[in-house]
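Survey of secondary and tertiary structure
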Amino acid sequence: MVRTKVLQNIFMVTILILLACVSHAKSPKRSLKGFRLDLSHIDSKGKFSKIELLHRMIHRSHHRMHRFARKTQNQSPNASKHGTETDVTVGSGEFVMDIAIGTPSVTFPAIIDTGSDLIWTQCKPCIWCFPQPTPIFNPSASSSYRRLPCTAKLCKSLPFYNCIKNNTSCQYMYGYGDGSYTIGNLSSETFTLGSKKAHKVAFGCGNKNSDGFDKSSGLVGLGRSKLSLVSQLKFKEFSYCFASLDETKQSPMFFGDLAYLNVSTATGPAQSTPLLKNKVSSFYYLSLLGITVGKTKLNVPSTVFALQSNGSGGTIIDSGTAISYLEMTGYKAVRSAFISQMKLPVANSSDAGFDLCFKAPSHVSSFVVPKFIFHFEGADLDLPKSNYFLHEIENDLLCLTIMGSSGISIIGSMQQQNFKIIYDLKKNKLTFIPVQCDKL
């Protein structure tokens, strides 16, 4: 009798445990899937003076802006896929992540780039290669390395590829707007990202690579196409938080479920705006409706910043352009507004590399500048002073870190400083949250 009751009790406990397990399995809460990486500024280990850092940053930004303008002004949805002007993509950038490739894994620094898609690194045997800070990747030393055949779907996602026969390896050529390029074999490898391993990631194993990718071994494309890292890992969210450029601290980047974490230290409310798609490019477009300088909302039509039906124009947010650029009509209005409101003499800015500089006041840190606000659809990005004015100490100038462009507007990384920027590709929205990035 006692034994029967004991058995019944054991049976009931077992049933309850099973029911609890089933209930937990049906719960909508899913396990955390994602990872964090820390980014370094591309010049952080270069031992440059502050003025040298500034000039290098401006030089890269000007080149990148011209690449964007060149690409968008030649967009056509009916253009040929092979070898046309539409194949020119945007490369280089401001921030570098460490990625480990192969089995056993070898670590390389790679530029992150929301303006392109291909992941690539220099590979042996290297016919033409630029100097990089680490040894060049040797595919023959990795047990997980494979060349992808021409029949691979991702081969056909390349803007330009060469295949003599379907069963041969997929040879790619990826060109950039300034004439730089990488040529090699589309391959697959095991990537180690933080504490996570990702298998069979497609990447370019470049044997012929031009200069233009300083302080790195290649690029990690974060654009919208199937070739990018976020697309291949099937993540629908990623985010980054750029620390101030005058700091040596690293900037965190998050993928997957971690993209929305660590916002408890926010210094202001989260705001979201739609991410727009361009049928002829994989850039991340925003709907910029207007701009306020000081207390004045500028009289600039929203069409100046709008994405056109043929794929030209528009406003993009970019990780790799340091300063912001506004289509010339909008920029001229911004420039005039600051000149009229700053109450400081305009100075010669040619040595600094900017378009608009003022003679710095005696107390720069406490000097109050007019507000600057980007008005996006559904959100207002009210920038702190350090995100749009820079004190150029050598010439004692206070310079506006926004300039004019032709045909496209770009929200650069300096304007994104100390905001957590969340890309939600499932909901097609961009969220920005003010936060001290070096505290995350």
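Look up a bit, the structure's there.
Please read these numbers as outputs of a predicted model, since none were measured by experiment.

Here we look at the state of the cysteines
This structure, assessed with the given rule, holds 6 disulfides. Here C126 is linked by a disulfide to C129, with a sulfur-sulfur distance of 1.3 Å. You can call C126 partly exposed: its relative accessible area is 29%. Each sulfur of the disulfide joining C357 and C399 lies 2.0 Å from the other. Sign of the S-S torsion, about 105° for the bond between C357 and C399, identifies this disulfide as right-handed. Taken together, the residues C357 in strand β20 (residues 357-359) and C399 in strand β24 (residues 397-400) connect sequence positions 42 residues apart. The class of C399 is buried, set by a relative accessible area of 0%. The connectivity of the disulfides in the chain is 1-8, 2-3, 4-6, 5-7, 9-12, 10-11, where the numbers refer to bonded cysteines in sequence order.

Quick notes on the pattern of salt bridges
Within the structure shown, the criterion is met by 9 salt bridges. The closest approach of N and O atoms between D38 and R36, which form a salt bridge, is 3.0 Å. The class for D38 is partly exposed, based on a relative accessible area of 34%. Exposure remark for R36: the relative accessible area of 32% places this residue in the partly exposed category. Measuring nitrogen to oxygen at the nearest pair gives 2.6 Å for the salt bridge that ties R64 to D318. Taken together, the residues span a long stretch of sequence, with R64 in helix α2 (residues 50-73) and D318 in the loop between β17 (315-317) and β18 (324-327) at a distance of 254 residues. Each member of the pair R64 and D318 is classed as buried.

A closer look at the nonpolar core
Residues F255, F338, F372, F374 and Y423 are the most contacted members of the largest nonpolar core, which totals 72 residues. Listed in part, the 23 residues of the second largest apolar core include I58, A69, Y285 and C357.

With respect to helix α4 (residues 328-341)
Across its 14 residues, α4 extends 20 Å between first and last C-alpha, which sits within 8% of the 20 Å expected from 1.5 Å per residue. Where α4 is concerned, the buried positions are G330, Y331, V334, A337 and F338. An end-on view of α4 places all buried positions within 125° of arc, on one side of the element. Turned more than 90 degrees away from the buried face of α4, the exposed residues are K332 and S340. Between the side-chain oxygen of the N-cap and the backbone nitrogen of T329 there are 3.0 Å, and the N-cap of α4 in question is E327. Note on α4: the residue one or two positions beyond its end, K343, has a positive phi of about 60°.

Quick word on the side chain of T114
With respect to the helices and strands, the residue T114 is situated in the loop between β3 (106-113) and β4 (120-122). According to the relative accessible area criterion, T114 is buried, its value standing at 1%. Within the structure, the side chain of T114 is placed 3.2 Å from the side chain of D318, a separation counted as a polar contact. Here the side chain of T114 touches S319 through a polar contact of 3.0 Å, landing on its backbone nitrogen.

Things to note about the packing of aromatic side chains
Enumeration over the complete set of coordinates arrives at 28 aromatic pairs. Measuring from centroid to centroid gives 5.3 Å for F338 and F389, while their planes differ by 85°, and the two rings are edge-to-face. Here F389 lies in strand β23 (residues 389-392) and F338 lies in helix α4, a separation of 51 residues in the sequence. The pair formed by F338 and F389 is uniform in burial state, with each residue classed as buried. Look at F358 and F389: their rings are 6.4 Å apart centre to centre, the planes differ by 50°, and that puts the pair in the tilted class. Within this pair, whereas F358 is found in strand β20, its partner F389 is found in strand β23, the two being separated by 31 residues in sequence. On the accessibility criterion, F358 (0% relative accessible area) is buried. Clustering of aromatic rings is evident, with ring pairs tying together F35, F95, F235, F238, Y240, F242, F255, Y284 and Y423.

Rules and cut-offs
- Residues numbered from 1 in each chain as written.
- Predicted model: local features only at pLDDT ≥ 70, side-chain atom pairs only at ≥ 80, totals over all residues.
- Heavy atoms only, no water.
- Disulfide = S-S within 2.5 Å.
- Buried < 20%, exposed > 50% of the residue type's maximum accessible area, 1.4 Å probe, protein only.
- Helix = DSSP H or I, 4+ residues; strand = E, 2+ residues; numbered from the N terminus.
- Salt bridge = Lys/Arg side-chain N within 4 Å of Asp/Glu carboxyl O.
- Core = buried A, V, L, I, M, F, W, Y, C linked by side-chain atoms within 4.5 Å.
- Expected span 1.5 Å × (residues − 1).
- Arc of directions from axis to C-beta.
- Polar contact = N/O pair within 3.5 Å; in protein donor to acceptor, adjacent residues only side chain to side chain.
- Phe/Tyr/Trp six-rings, centres within 6.5 Å; stacked < 30°, edge-to-face > 60°.

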